[in-house]
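# Structural characterization, general
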Amino acid sequence: MADSPVVALRREYDEIARQLDGAAGSAEREAAKREIIGYFKKVDGILAELTQLKEDIRQLVDRYKQTSADTKQAAAPQFTGARPVVHADHIGASTFIEKGWSLISLGDHAGAIQALNKALQLSPGETQAENLLGWAQMLHEAYDDALQTFSKVLMKEPANSLARINVGYICLKKRIFGEAIEHLSKAIRLDNDKKATLYAHFYLGLVYLQREMFEDAETFFEKTLKLGPNLIEAYYELGRAHWFAGEPDKAKATWENGFKANKFNSWGKKCQEMLELVARGEEPPRD
């Protein structure tokens with residue numbers, strides 16, 4: 001970049017280097033020493049400011065994640081993984097892992113895939129990088145690649161419930177319902193991660209809803225709301241399950257509750273839209 005601060009700093013570096021090369025006497029060398037010390041302090045101060053700015057950008061990422069909302073059907077689990085702890089390594093893989101995490105948080109899934117593949121080139125088999133790569137591929141809708149990546153994670157960590165529910169989600173999207181049920185049910189039995197257990201119930205509800213097994217769908221959505229009342233899309237889907245089970249009053253009551261639970265949430269708004277839609281005599285969407 002033409003306006004990069006590094007360009008000006010590099011020019012200053014070159015000037016000091018020329019001054020040092022031309023220092024014939026002790027006075028000139030002492031002057032060059034003072035220049036080098038002052039230059040070092042200047043660069044060190046800029047680095048500290050840039051480090052703080054980088055941390056501030058991460059706060060912007062967190063604020064973005066809080067305000068953004070995906071209203072696609074069967075939305076993937078919200079990416080809330082803890083930021084990787086970057087440690088100094090001689091190959092630099094951890095830097096690409098952190099970059100991948102940041103890009104997933106910002107929604108740049110293609111960029112995250114590129115960064116995490118670089119991390120795995122530098123450190124093959126690094127589980128944290130593989131797990132994040134699976135997330136990025138899944139959110140990028142590269143489902144076959146994500147399945148392959150998460151399979152590697154589960155081979156090493158069979159009790160990784162988040163990886164397992166992500167596999168269940170992918171199987172749901174690919175309409176491989178038997179495998180989806182198997183993975184999601186196992187995550188529920190493991191019950192070692194609250195988020196995974198919550199989404200396992202939610203996705204099982206969606207599996208049974210798509211299979212038109214409405215009573216089973218109702219059961220899992222109701223359990224979802226007990227585990228996570230703030231997962232507003234569960235109200236929306238439970239309302240659909242009630243409606244198609246021939247229980248329109250229950251459906252409308254559920255959508256009302258979803259809207260009241262968070263009228264500013266995108267799924268809360270969709271609950272209100274369903275109420276308006278059925279009031280006009282129309283049918284809720286089946287997919």
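Heads up: the structure comes first, above all this text.
Residues numbered from 1 in each chain as written. Predicted model: local features only at pLDDT ≥ 70, side-chain atom pairs only at ≥ 80, totals over all residues. Heavy atoms only, no water.

Quick look at the pattern of salt bridges now. Scanning the entire structure with this criterion turns up seven salt bridges. For Arg 286, the salt bridge identified is with Glu 212, shortest N-O distance 3.8 Å. Here Glu 212 lies in the loop between α9 (194–210) and α10 (214–227) and Arg 286 lies in the segment after α13 (266–279), a separation of 74 residues in the sequence. For Arg 286, a relative accessible area of 54% gives the class exposed. Salt-bridge contacts for Glu 282 lead to Arg 280; the nearest nitrogen and oxygen are separated by 3.0 Å. (Salt bridge = Lys/Arg side-chain N within 4 Å of Asp/Glu carboxyl O. Helix = DSSP H or I, 4+ residues; strand = E, 2+ residues; numbered from the N terminus. Buried < 20%, exposed > 50% of the residue type's maximum accessible area, 1.4 Å probe, protein only.)

Mapped onto the elements of the fold, Gly 205 is located in helix α9. Here Gly 205 falls in the buried class, since its relative accessible area comes to 0%. Taking the C-alpha atoms as reference, Gly 205 lies 10.0 Å from Ile 181; in sequence the two are 24 residues apart. Once you skip the residues sitting within four places of it in the chain, Gly 205 turns out to touch Ala 217, Phe 220 and Phe 221. (Contact = heavy atoms within 4.5 Å.)

Here we come to the packing of aromatic side chains. All told, the structure shown has ten aromatic pairs when counted by the stated rule. Judged by centre distance (6.5 Å) and plane angle (75°), the ring pair of Tyr 199 and Phe 202 falls under edge-to-face. Within this pair, Tyr 199 and its partner Phe 202 are both found in helix α9, separated by three residues, close to a single helical turn. With a centroid separation of 5.7 Å and 45° between ring planes, the pair formed by Phe 202 and Tyr 203 is classed as tilted. The same class applies to Phe 202 as to Tyr 203, namely buried. One aromatic cluster in this structure is built from Tyr 169, Tyr 199, Phe 202, Tyr 203 and Phe 221. Its guanidinium or amino end placed over the ring of Tyr 13, Arg 10 lies 4.9 Å from that ring's centre, counting from NZ or CZ. (Phe/Tyr/Trp six-rings, centres within 6.5 Å; stacked < 30°, edge-to-face > 60°. Lys NZ or Arg CZ within 6 Å of the ring centre and 35° of its normal.)

Moving on, we get to the nonpolar core. Within the largest apolar cluster, 67 residues are counted, with the highest numbers of intra-cluster contacts made by Met 138, Phe 150, Ile 170, Phe 202, Tyr 203, Phe 221 and Trp 255. By residue number, the principal contributor to this core is α9, which donates eleven residues. When sequence neighbours within four positions are dropped, the list of residues in contact with Ile 170 reads Met 138, Tyr 143, Ala 146, Leu 147 and Phe 150. (Core = buried A, V, L, I, M, F, W, Y, C linked by side-chain atoms within 4.5 Å.)

The next point concerns helix α5 (residues 127–139). In this model α5 runs 18 Å from its N-terminal to its C-terminal C-alpha over 13 residues, within 8% of the 18 Å that 1.5 Å per residue would give. If you follow the buried residues of α5, they end up packed against α3 (93–106), α4 (109–122), α6 (143–156), α7 (161–173) and α9. One side-chain oxygen of the residue at the start of α5 lies 2.9 Å from the amide nitrogen of Gln 128, identifying that residue as Glu 126. (Expected span 1.5 Å × (residues − 1). Polar contact = N/O pair within 3.5 Å; in protein donor to acceptor, adjacent residues only side chain to side chain.)

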